[in-house]
Amino acid sequence: MIRSTVRGAAALALAAAALGSAQAQAPIKIGFMAELSGPQGALGQDQYDAFMMVVERNGGKLGGVPVQVIREDSQLKPDVATQIVQKLIERENVPIITGVTFSNIMMAVHKPITEKGVFLIGSNAGPAPIAGAQCSPYQFITSWQNDNQAEVVGKYATDKGYKRVIGMAPNYQAGKDFIAGFKRMYKGEVIDEIYTPLNQPDFSAELAQVAAKNPDAVYVFYPGGLGVNFVRQYQQAGLLGKIPLLSSSTTDGSTLPAQKETALGVISGTFWGPDFDNPVNKQFVEEFEKKFNRIPSQYAAQSYDAALLLDSAIAKVKGNVADKQAFGAALKAADFKSVRGDFKFGNNHFPIQDQHIFEVAKDAKGRVSLKTIATPLKAHVDAYASLCKM
Amino acid sequence: MTTGLFFTQLLNGLQLGVLLFLLSAGLTLVFGIMNVVNLAHGSLYMMGAYFAAAGFNAFDGSFLAAALFAVPGTLLLGLLIERIVLANLYQRDHLDQVLATFGLILFFNEVVRFVWGASSVYMNVPSWLSGTVNLFGLPYPSYRFAIIAVGLAVGVGLYALINRTRVGMLIRAGASNPDMVSALGVNIKGLNTLVFGLGAALAGLAGLMAGPIVSVQAGMGEPILILTLVVIVTGGIGSIRGAFYGALIVGIVDTIGRAFLPTLLRELFDRSVAQAVGPAIASMLIYLLMAAVLALKPQGLFPVKHG
């Protein structure tokens with residue numbers, strides 16, 4: 001008896017849905033997958049908040065079409081991420097997946113997403129393989145290629161005339177990639193490369209070595225909690241005023257709230273800073289600070305641009321994302337004003353953009369933030385674009 | 001490699017050593033006297049650090065508040081754990097104790113995630129200790145000197161307690177032959193609770209001292225627990241002397257190894273090989289040391305004499 005009631009209810013619901021969808025346009029489903037838990041959750045949360053800020057500002061629409069954002073947490077586990085992606089594609093039939101914080105997750109889900117013809121709008125991870133040989137026409141990355149953030153610091157170090165630099169990073173693939181990226185653009189001598197165990201929180205032994213060798217500068221890549229520890233200990237050891245500290249991903253919007261004044265003076269390199277003086281960025285930073293009561297990090301900026309990109313592309317195809325040819329072309333055109341100024345995709349669908357150098361300093365409101373001090377790389381193409389056959 | 005650098009690294013090793021001593025003193029007594037494997041000791045260290053950070057941030061940067069929150073807080077927590085969980089486990093097999101205390105590790109990790117959130121919590125070095133001292137031309141953080149001082153003071157205090165007081169005599173007797181002590185009419189339950197509380201308070205103190213240097217986060221107890229187990233196995237279970245010397249040896253070997261082994265390897269091998277292999281071997285050194293000690297002196301370097 002219950003079964004027939006359920007069946008009847010289901011039939012009614014189906015009919016109502018059919019009637020309903022005949023009148024209004026079905027919302028475009030967008031899968032949003034990022035790290036939303038654990039210490040790295042701060043990055044994914046920034047990505048999500050910025051993306052949703054655009055959607056909500058447009059009344060739940062992108063490109064004039066209603067969208068339904070399905071929020072998923074990949075928990076920094078590649079197998080969980082692959083299952084989520086399968087579920088999103090097969091059960092929810094999403095045409096677009098965005099987010100993807102970490103490179104190991106990106107490497108796990110890139111092929112499952114792109115080989116099914118689903119558009120991947122990556123707003124953080126940019127590992128070398130997908131910028132090169134494994135590039136796909138369905139990928140569009142609004143952040144950067146991983147090496148860029150190291151390369152710009154290497155160029156800056158050369159420009160500043162530092163002759164002897166010590167490199168430090170955690171002993172895993174990303175750590176080695178960043179040191180390699182730095183060396184690609186740095187023309188001086190890297191007198192030592194120190195790789196510390198990934199879970200080692202105390203750098204006293206390594207910092208004593210640095211003090212003894214007295215280099216012209218130190219270049220580090222210590223993301224997240226490691227970065228907070230490192231900068232604090234660097235300052236406690238009395239090195240911060242004496243030996244310039246150059247970095248990538250160590251002092252950004254996710255770690256500065258914890259580092260506070262201990263990070264003042266640290267140099268970092270990336271594509272965007274909150275003090276960029278263009279109307280799109282000013283609006284972004286103002287809205288984000290008002291809504292979430294914190295300074296947006298670059299991860300928020302990247303995801304904001306991903307939403308703006310989708311906004312422009314969906315508008316161009318008038319919501320018909322099923323026409324993959326047209327939608328792909330609309331995405332490639334990237335006809336929108338970005339928080340970083342002009343936006344252009346390269347042949348491998350990674351941005352060709354300026355890379356800047358920032359110093360941690362107090363902003364006009366006395367808060368610890370990033371100040372733009374140089375632009376060593378203009379319209380920089382990543383090192384792997386030539387390996388991509390597109 | 002200058003004397004200045006060597007001396008600085010030695011101090012770094014000493015600092016790590018006294019931190020390990022604070023933790024291993026409690027753990028070795030619990031294992032030696034109560035014959036209980038308490039894996040949750042690392043969690044007590046973590047809770048000490050969290051309580052300290054909470055007190056620090058609630059009272060606008062007061063290290064005293066942090067200390068008042070951390071040490072009595074962990075002491076109470078330790079007593080609670082002892083009464084509720086461990087009291088039922090004294091007669092059980094070591095494996096059951098491992099299982100129960102491992103469960104406590106998971107429990108505490110989730111509790112801190114629930115109360116303080118998943119991202120790390122931070123407390124700063126107190127302003128009167130935030131400078132550096134000049135050591136042979138190299139700067140050394142004053143705070144780390146303070147850690148060494150506190151650790152050594154605790155060592156002296158424990159020595160006085162164990163060797164010069166009546167309670168200490170009972171503790172030594174309990175480590176040597178717990179059944180006989182109980183048979184002689186000593187309140188062994190009270191003694192056990194006292195020992196456990198003392199161990200917990202020391203772990204809390206270690207958490208308080210380590211708080212300003214490392215990030216306070218869920219799961220910070222496990223790496224230090226592993227090092228502590230290495231220390232008590234190397235030093236000798238149940239022996240405070242073993243915990244002290246073992247901790248200093250492990251701390252110094254680990255630090256000197258990490259600091260100088262990669263440089264040494266670079267002299268002998270090609271640079272890329274040294275860079276790949278150096279950090280890996282450096283982190284293995286203390287385990288190799290432990291294996292060597294177990295092979296040559298299975299009771300540890302300074303074992304308790306069992307009568």
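Rules used in this analysis
Residues numbered from 1 in each chain as written. Chains lettered and ligands numbered in written order. Predicted model: local features only at pLDDT ≥ 70, side-chain atom pairs only at ≥ 80, totals over all residues. Helix = DSSP H or I, 4+ residues; strand = E, 2+ residues; numbered from the N terminus. Rg over C-alpha atoms; globule rule 2.2 N^0.38 Å. Buried ≥ 20, exposed ≤ 12 C-beta atoms within 10 Å, placed from the backbone. Contact = placed C-beta atoms within 7 Å. Pairing = 2+ DSSP bridges. Axes fitted to C-alpha atoms, helices over the stretch in contact; angles between N-to-C directions. Nonpolar A, V, L, I, M, F, W, Y, C, P; charged D, E, K, R; others polar. Left-handed = near helix turned anticlockwise from the far one by under 90°. Domains from an automatic or database assignment. Core = buried A, V, L, I, M, F, W, Y, C linked by C-beta atoms within 7 Å. pLDDT = per-residue confidence, 0-100.

Undergrad: What exactly am I supposed to notice about the overall build of chain B here?
TA: Tallying secondary structure elements over chain B gives 11 helices and two strands in all. Mapped in sequence order, the helices and strands of chain B form the string α-α-α-α-β-β-α-α-α-α-α-α-α. Whereas a compact globule of 307 residues would reach a radius of gyration of roughly 19 Å, chain B reaches 20 Å, a difference of no more than 12%. Summarising its shape, the C-alpha atoms of chain B cover approximately 65 × 50 × 35 Å along the three principal directions. Looking at chain B as a whole, 50% of its 307 residues qualify as buried. Considering only intrachain contacts with a sequence separation of at least 6, the fraction spanning at least 24 residues in chain B is 77%.

Undergrad: So what exactly am I meant to see when it comes to the overall build of chain A here?
TA: Looking only at helices and strands, one finds 13 helices and 13 strands in chain A. Radius of gyration (C-alpha) of chain A: 22 Å, near the 21 Å computed for a compact globule of 390 residues. Projected onto its principal axes, the C-alpha positions of chain A cover 80 × 45 × 40 Å. Counting all 390 residues of chain A, 54% fall into the buried class. Long-range pairs, those at least 24 residues apart, make up 71% of the contacts in chain A with a sequence separation of at least 6.

Undergrad: Help me understand the sheet that holds strand β1 (residues 28-34) of chain A in this model?
TA: Within a sheet, each strand pairs with its neighbour through backbone hydrogen bonds, oriented either parallel or antiparallel. Residues and elements named next belong to chain A. With mixed pairing, six strands are arranged side by side in an open sheet as β2-β3-β1-β4-β5-β6. For this open sheet the edge positions go to β2 (61-62) and β6 (139-141), each flanked by a neighbour on one side alone. Pairing of β1 with strand β3 (residues 65-73) involves seven bridges; the strand directions are parallel. When the sheet's bridge partners are listed, Phe32 is paired in β3 with Arg71. Sheet strands touched by helix α2 (residues 41-57): β1, β2, β3 and β4 (96-99). Its angle to β1, the strand with the most contacts, is close to 160 degrees. Relative to β1, helix α3 (residues 78-90) is tilted by about 175 degrees, and along the sheet it contacts β1, β3 and β4.

Undergrad: Where do I start with the interface of chain B and chain A in this structure?
TA: Frequently, the measure chosen for interface size is the accessible area that the parts lose on association. Taken together, the 29 residues of chain B in the interface contact 27 residues of chain A. For the side of chain B that touches chain A, the elements supplying multiple residues, two or more each, are α1 (3-33), β2 (138-141), α5 (142-164), α10 (240-268) and α11 (271-296) of chain B. The residue makeup of the side of chain B that touches chain A, split by class, is 13 nonpolar, 14 polar and two charged.

Undergrad: Just to check I follow, could you spell out the packing of helix α3 (residues 63-84) of chain B against helix α8 (residues 188-210) of chain B for this structure?
TA: When two helices pack together, their arrangement is given by the angle between their axes and by how far apart the axes lie. Residue and element names in this part refer to chain B. Put simply, α3 and α8 touch, their axes get as near as 8 Å, and they point 145 degrees apart. Here α3 runs over α8; the crossing is right-handed. Residues Ala66, Ala67, Ala70, Val71, Gly73, Thr74, Leu75, Leu77, Gly78, Leu79 and Glu82 of α3 form the contact with α8, whose participating residues are Thr193, Phe196, Gly197, Gly199, Ala200, Ala201, Ala203, Gly204, Leu205, Gly207 and Leu208. Considered class by class, the residues forming the contact of α3 with α8 number 13 nonpolar, eight polar and one charged.

Undergrad: Where do I start with the environment of Ala206(B) in this structure?
TA: Residues and elements named next belong to chain B. Mapped onto the secondary structure, Ala206 falls in helix α8. For Ala206, a count of 32 C-beta atoms within 10 Å gives the class buried. The spatial distance from the C-alpha of Ala206 to the C-alpha of Met46 is 9.1 Å, given a sequence separation of 160 residues. Once residues within four sequence positions are removed from consideration, Ala206 is found in contact with Leu19, Leu22, Leu23, Tyr45 and Gly48.

Undergrad: How should the domain arrangement of chain A be read in this particular structure?
TA: Residue and element names in this part refer to chain A. What the domain assignment lists for chain A is domain 1 (25-144 + 277-351) and domain 2 (148-270 + 355-381). The straight-line distance from the C-alpha centre of domain 1 to that of domain 2 is 28 Å. Contacts between the two partners involve 13 residues from domain 1 and, on the opposite side, 12 residues from domain 2. Mapped by element, the contributors of at least two residues to the side of domain 1 that touches domain 2 are α2 and α12 (298-316).

Undergrad: Looking at this structure, I do not really get the nonpolar core. What am I missing?
TA: Where a protein is soluble and globular, its nonpolar side chains tend to be buried together. With 140 residues, the main nonpolar core has Val218(A), Ala49(B), Tyr50(B), Ala52(B), Ala53(B) and Ala206(B) as its most contacted residues. Ranked by residues supplied to this core, first place goes to α1(B) with 16 residues. Excluding residues within four positions of it along the chain, Val218(A) makes contact with Val165(A), Ile166(A), Met168(A), Val210(A), Ile243(A), Leu245(A) and Leu246(A). In this structure, Met33(A), Leu36(A), Leu310(A) and Val317(A) belong to the second largest nonpolar core, which totals 70 residues.

Undergrad: Sorry, what's going on with the sheet that holds strand β12 (residues 353-362) of chain A here?
TA: Residue and element names in this part refer to chain A. Taken in spatial order, the seven strands make up an open sheet running β8-β7-β9-β10-β11-β12-β13, and their pairing is mixed. Sheet topology places β8 (189-196) and β13 (368-380) at the edges, where each strand pairs with a single neighbour. In this sheet, neighbouring strand axes are inclined to one another by 20 degrees on average, regardless of whether the strands run parallel or antiparallel. As paired elements, strand β11 (residues 267-270) and β12 share four bridges and run antiparallel to each other. Following the sheet pairing, Gly269 is matched in β12 by Ile357. Each of β7 (164-170), β9 (217-221), β10 (245-248), β11, β12 and β13 is contacted by helix α6 (residues 148-160), which is oriented at about 90 degrees to β13, the strand it contacts most.

Undergrad: What am I meant to see in the confidence of the model for chain A here?
TA: Of the residues in chain A, 94% have a pLDDT of 70 or more, and the chain-wide mean is 89. Within the model, the stretch residues 19-23 of chain A combines pLDDT values under 50 with one contact to residues more than four positions away or in other chains.

Undergrad: Help me understand unusual backbone geometry in this model?
TA: Negative phi is the rule for most residues except glycine; trans is the rule for most peptide bonds. With phi around 55 degrees, Gln75(A) is a residue other than glycine that occupies positive phi space. Mapping Gln75(A) onto the fold places it in the loop between β3 and α3. On the basis of neighbour count, Gln75(A) is assigned to the partly exposed category, with 18 C-beta atoms found within 10 Å. Backbone geometry at Asn35(B) places phi at a positive 55 degrees, although glycine is not the residue there. Overall, Asn35(B) belongs to the partly exposed group, with 16 C-beta atoms counted inside 10 Å.

Undergrad: What is the right way to read the environment of Ala300(A) from this model?
TA: All names here are of chain A. Here Ala300 is to be found in helix α12. The exposure class of Ala300 is buried, given the 30 C-beta atoms found within 10 Å. Distance in space between the C-alpha atoms of Ala300 and Ser37 is 16 Å, their sequence separation being 263 residues. Beyond its immediate chain neighbours, meaning those up to four positions away, Ala300 contacts Asp46, Gln47, Asp49, Ala50 and Phe288.

Undergrad: What is the right way to read the environment of Lys290(A) from this model?
TA: Residue placement: Lys290(A) occurs in helix α11 (residues 279-292). Sequence spacing of Lys290(A) and Lys362(A) is 72 residues, and the spatial spacing of their C-alpha atoms is 19 Å.

Undergrad: Please explain helix α8 (residues 204-213) of chain A as it appears in this structure.
TA: The α-helix winds at 3.6 residues per turn, so residues separated by three or four positions along the chain end up facing the same way. Residue and element names in this part refer to chain A. With respect to burial, α8 is a largely interior element, eight of its 10 residues being buried. Turning to α8, its buried residues are Ser204, Ala205, Glu206, Leu207, Ala208, Gln209, Val210 and Ala211. In the segment just after α8, Asn214 is the residue with positive phi, at about 50 degrees.

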